[in-house]
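Tertiary structure, described
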There are 2 protein chains.
Amino acid sequence: MVAEILCVGTELLMGQVLNTNAQFLSRRLSALGISVYHQTVVGDNEQRLEEAYRQALGRSDIVITSGGLGPTVDDITKRAAARVLGKELVLRPEADRMVRERFLQYHKQMTENNRSQAMFTGDSQVLLNPYGTAPAAIVPAGEGKVIIHLPGPPRELEPLFVEAVEPYLRAYTGSVLVSRYIRIFGMGEAEVDMRLHDLEERGNPTLSPYCSTGEVMLRATAAAADEKEGLELLKPLLVEIRKRLGDVIYEIGEDDSGSLEKTCIDAFMKRHMTVTTAESLTGGLIAATLVEVPGASNVLRGGYVTYQSEAKTMMLGVPSDLIERCGVVSAEVAVSMAEGARKKLDVDMAVSATGVAGPGGGTEECPVGTVFLGIADREKSYAVALHLSGTRERIRTLTVKHALHALIREAEGRAVQNT
Amino acid sequence: MVAEILCVGTELLMGQVLNTNAQFLSRRLSALGISVYHQTVVGDNEQRLEEAYRQALGRSDIVITSGGLGPTVDDITKRAAARVLGKELVLRPEADRMVRERFLQYHKQMTENNRSQAMFTGDSQVLLNPYGTAPAAIVPAGEGKVIIHLPGPPRELEPLFVEAVEPYLRAYTGSVLVSRYIRIFGMGEAEVDMRLHDLEERGNPTLSPYCSTGEVMLRATAAAADEKEGLELLKPLLVEIRKRLGDVIYEIGEDDSGSLEKTCIDAFMKRHMTVTTAESLTGGLIAATLVEVPGASNVLRGGYVTYQSEAKTMMLGVPSDLIERCGVVSAEVAVSMAEGARKKLDVDMAVSATGVAGPGGGTEECPVGTVFLGIADREKSYAVALHLSGTRERIRTLTVKHALHALIREAEGRAVQNT
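Description of the structure in this document. In every chain, residue numbers begin from 1 and rise along the written sequence. Starting at A for chains and at 1 for ligands, labels are handed out in the order in which the entities are written. The predicted origin of the model limits local features to residues at a pLDDT of at least 70 and limits the giving and counting of side-chain atom pairs to 80 or more, whereas totals for whole chains, interfaces and linings rest on all residues. To get the side-chain values, take all heavy atoms of the structure and skip hydrogens and water.

**Here's the deal with the sheet that holds strand E12 (residues 249-253) of chain B**
All names here are of chain B. Spatially, four strands are ordered E10-E11-E9-E12 in an open sheet, and the strand pairing comes out antiparallel. Edge positions in the sheet fall to strand E10 (206-212) and E12, since each has one partner strand and no second. The mean angle between the axes of side-by-side strands here comes to 20 degrees, regardless of whether they run parallel or antiparallel. Taken strand by strand, helix H8 (residues 227-245) contacts strand E9 (176-185), E10, strand E11 (215-224) and E12, and its axis lies near 150 degrees from that of E11. In this analysis, strands are considered paired if DSSP registers two or more bridges between them. Under the DSSP-based scheme used, a helix requires at least four consecutive residues in state H or I and a strand at least two consecutive residues in state E, with every element numbered from the N terminus. Only the stretch in contact is used when a helix axis is fitted, and all axes are lines through C-alpha atoms; the angle between N-to-C directions ranges over 0 to 180 degrees. We call two residues contacting when some pair of their heavy atoms lies within 4.5 Å.

The following block contains the structure:
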């Protein structure tokens, strides 16, 4: 079963918009066991779009389009598909009703043009869109093939795909796929790959790595007759992965929405513990990352951004002679920041970060990428030294992740190691 | 002149990686006056890649590839191109030298495979890559057409394109294009479009809008014989845009690297003023956004994240009876937060934010999206009420932008209006 992604929009070809739809669709299709061999972007040009349809239908079973379902003359996605299939677009009453309802709901004026949003080929299966004004559709394309039209805005396309298209594709492919997502921090992609290489080459379950800055996520997917059999197939694989990777796994989840910050908030909530932050080079990013998790207000009382040296003294009581003696980027200052913040807010734990994010500011003994984390709880405090590399942005992102990871390990009562 | 973007990599088709290269290249090509009609992604499959080359060369003058220049058997980008062109890959001494140097520099072991990274067709113009181990190249493809091979990682592709490929393309197209970037905050895309519609339809200079959350950027580009003539052409257009949009323009820059945070740091640096933040719903994101700008340490002394109610009292001295009387999301508390933070750090100005980011926590009189900013300087303080909508993430992002904009206007001595 092969699918192909065809994104329509001149704004993509001008680079005005980042094509997150192609990644989202590819990732979800892959989790459904459907292969994607081509992603294509074309503009609002009928001839080139028709050509793209012909080619896609020639080599793939499923063609998923995004964009071009709006009411303007530039919105040609449906018309071009109909022409390639030799069919007419007709007004579909259920789609027309939806469009009217949506305009009422949004208190917007509907124009005659908007009726075109309710036009589909007579044999299309209309997908009502609760997230916008353009209905989507599954269009039969002969020889068992289909074209699936989805709206362009990700906030419409993503939920619509999950809620309406995935059930259809699951029935279409006739397979049950069960996935688990293994999240890893503290081991690079190459090392993970080396340890698991043979497991990645098995047929069922499959194992695919997804990497982001400092993190690796593995998706393990089993094809089976039902959910229960799928889990049985996954079980020995997950045991084996745990054995080979051990401690660096911080979560095994049922979907890919996990993150260090979620695991961190969960770990503190479970233990009814409160936390604070004292940040220099990250400038508030550790706290801001934590508050992305709904429910963070039960855990994070508040945080300090002590960017200039004197702020460390004014806000947290770090002795200015300690800063002078040890340097502002030092284990001693990191510990003092964490201790000061924890006491000021009377919370269970504090994490601090001080370091050189670059591009300037590095010295021989304290080069760009030198970062100290401080951890303090009601009984003890200590520092962790990090040696990071890359751009200013990467060093800050990695610092945030190390800080969150240190909090998780400390909450779970495991020691944090110096890297 | 038509270019086409061909990204190579199974990781893109699996959705493991977001294709930022396609956007980056499209945007830069558009600024060079080169049209892009197709973006294509194919995997590490020789047959499909060769087919993609044939098609691209059939319809475009310039084919830019990204990815697949590494040393493994999966890295087939150059080999497939050579086969389509009927040429051989040979070891290019200057490329070989570069690869060896890079391995020495990175303290990495070079294997026999790495020699393949120095192989190009004999007529290729090799582009040495200071940012990674894979050299790039411009490959003549007959009839005046070219294939340009670039490495996949954005941190290599982006600077290499700007430094090595753009000068080549400028000479190749023989035109001089001069651009100015107009940054707008506080007016929606539709409104900007309505006011400038007739200007966008002129031939030279061209005017293209680029939108992101809460912001619109316009790129005005003139094609001319030289830089001076280009600026002459742009001048009346910029005057007209200023006249029609007025106050919402916060910057007109020579490149597209501008941002609210840069303008904000610049405005404070210029006036030797210092600033602090007191954040509730944004959880540190205003401060973290400011410190993204190198030089922020001259302006931002520090910041407070007062997430729980009691933190507002403990950290900033907001009277707890004020919170009880007015509610934690109120103009009064916003002002008190800003005043408290400003005094504590003895800085020239403070901005605060308190609000309901959602998804939960809204009430009838204080629905999700209700946000109050507080502004305090050495003479006065006041609040700004915002009524935002969208997801938790969007509400926080918009709050940060409104806060930065309020700081800019206040530093420049202009009043901030309630929205």
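**Quick notes on the sheet that holds strand E3 (residues 62-66) of chain B**
One open sheet holds the twelve strands; their spatial order is E6(A)-E7(A)-E8(A)-E3(A)-E1(A)-E2(A)-E2(B)-E1(B)-E3(B)-E8(B)-E7(B)-E6(B), and the pairing between them is mixed. Looking at strand neighbours, the two that pair on one side only are strand E6 (125-127) of chain A together with strand E6 (125-127) of chain B, the edges of this open sheet. Averaged over all neighbouring strand pairs, the angle between strand axes comes to 15 degrees, with direction disregarded. Strand contacts of helix H3 (residues 46-59) of chain A: strand E1 (2-8), strand E2 (35-42), strand E3 (62-66) and strand E8 (146-150) of chain A together with strand E2 (35-42) of chain B, with the helix running at about 170 degrees to E1 of chain A, the strand carrying the most contacts. Packing against the sheet, helix H2 (residues 20-31) of chain B makes contact with strand E1 (2-8), E2, E3 and strand E8 (146-150) of chain B, and its axis sits at approximately 165 degrees to E1 of chain B.

**A word on H3 of chain A**
Residues and elements named next belong to chain A. To estimate the expected span of a helix, subtract one from its residue number and multiply by 1.5 Å. With 14 residues, H3 ought to run about 20 Å at 1.5 Å a step, and its terminal C-alpha atoms sit 20 Å apart, in line with that. Each residue is placed in one exposure class: buried if its accessible area under a 1.4 Å probe, protein chains only, is under 20% of its type's maximum, exposed if it is over 50%, and partly exposed if it falls in between. Listed as buried for H3 are Leu49, Glu50, Ala52, Tyr53, Ala56 and Leu57. Taken down its axis, H3 places every buried residue within 160 degrees of arc, on the same side. More than 90 degrees from the buried face of H3, the exposed residues found are Gln47 and Gly58. Of the surrounding secondary structure, the elements contacted by the buried residues of H3 are E1, E2, E3, helix H4 (77-85) and E8. Polar contacts, as used here, are pairs of N or O atoms within 3.5 Å; protein pairs need one atom able to donate a hydrogen and one able to accept it. Residues neighboring in sequence count only if both atoms are side-chain atoms. Where H3 begins, the capping side chain belongs to asparagine 45, and its oxygen is found 3.2 Å from the backbone nitrogen of glutamine 47. This arc is taken over the directions from the axis of the helix to the C-beta atoms.

**Quick look at empty space enclosed by the protein**
If a probe the size of a water molecule is rolled over the atoms, the empty space left behind becomes visible. Here a cavity denotes a set of grid points, spaced 1 Å apart and computed over the protein atoms alone, in which a 1.4 Å probe fits but from which it cannot get out, and a pocket denotes an open set meeting protein on both sides within 12 Å along at least five of seven lines; residues with an atom within 4 Å of a point are reported as lining. Grid points are joined across faces, edges and corners, and a volume is the space filled by probe spheres set on the points. On inspection of all chains with the given rule, the structure shows six cavities of 30 Å³ or more. Reported here for the largest cavity is a volume of approximately 120 Å³. Lining the largest cavity are 16 residues, and of these Thr40, Gln55 and Arg59 of chain A together with Gln55 and Arg59 of chain B sit closest to its centre. For the lining of the largest cavity, the secondary structure elements donating two or more residues are E1, E2 and H3 of chain A together with E2 and helix H3 (46-59) of chain B. The element that contributes the greatest number of residues to the lining of the largest cavity is H3 of chain A, accounting for six residues.

**Regarding the packing of aromatic side chains**
Ring pairs shown here join Phe, Tyr and Trp side chains whose ring centres sit within 6.5 Å, with only the six-membered ring taken for Trp; geometry is labelled stacked below 30 degrees between planes, edge-to-face above 60, and tilted in between. For the structure on display, the rule yields five aromatic pairs over all chains. Ring geometry for tyrosine 304 of chain A versus tyrosine 304 of chain B: centroids 6.3 Å apart, planes at 65 degrees, classification edge-to-face. One end of the pair, tyrosine 304 of chain A, is in strand E14 (residues 300-305); the other, tyrosine 304 of chain B, is in strand E14 (residues 300-305), on a second chain. Take tyrosine 304 of chain A: its relative accessible area is 4%, and that puts it in the buried class.

**Side note on the pairing of strand E7 (residues 136-140) of chain A**
All names here are of chain A. Across the five residues that make up E7, a large majority, four, are buried. The pairing of E6 with E7 spans three bridges and is antiparallel. The partner of leucine 127 across the bridge, within E7, is alanine 136. As paired strands, E7 and E8 are joined by four bridges and run antiparallel to one another. What sits directly across from isoleucine 138, in E8, is isoleucine 148. Linking two consecutive strands that pair antiparallel, namely E7 and E8, is a turn of five residues; a positive phi of about 80 degrees is found at glycine 142 within it.

**What to know about the interface of chain A and chain B**
Contacts between the two partners involve 60 residues from chain A and, on the opposite side, 60 residues from chain B. Joining two parts hides part of their accessible area as seen by a 1.4 Å probe, and the buried area is that hidden amount summed over both. Taken together, the two surfaces of chain A and chain B that pack against each other cover about 4900 Å², and 55% of this comes from carbon and sulfur. When a carboxyl oxygen of Asp or Glu is within 4 Å of a side-chain nitrogen of Lys or Arg, the pair counts as a salt bridge. Put simply, chain A and chain B have two salt bridges between them. Where chain A meets chain B, there are 29 residue pairs in polar contact (both at pLDDT 80 or more). Element by element, the count of residues in the side of chain A that touches chain B is highest for E2 of chain A, at seven residues.

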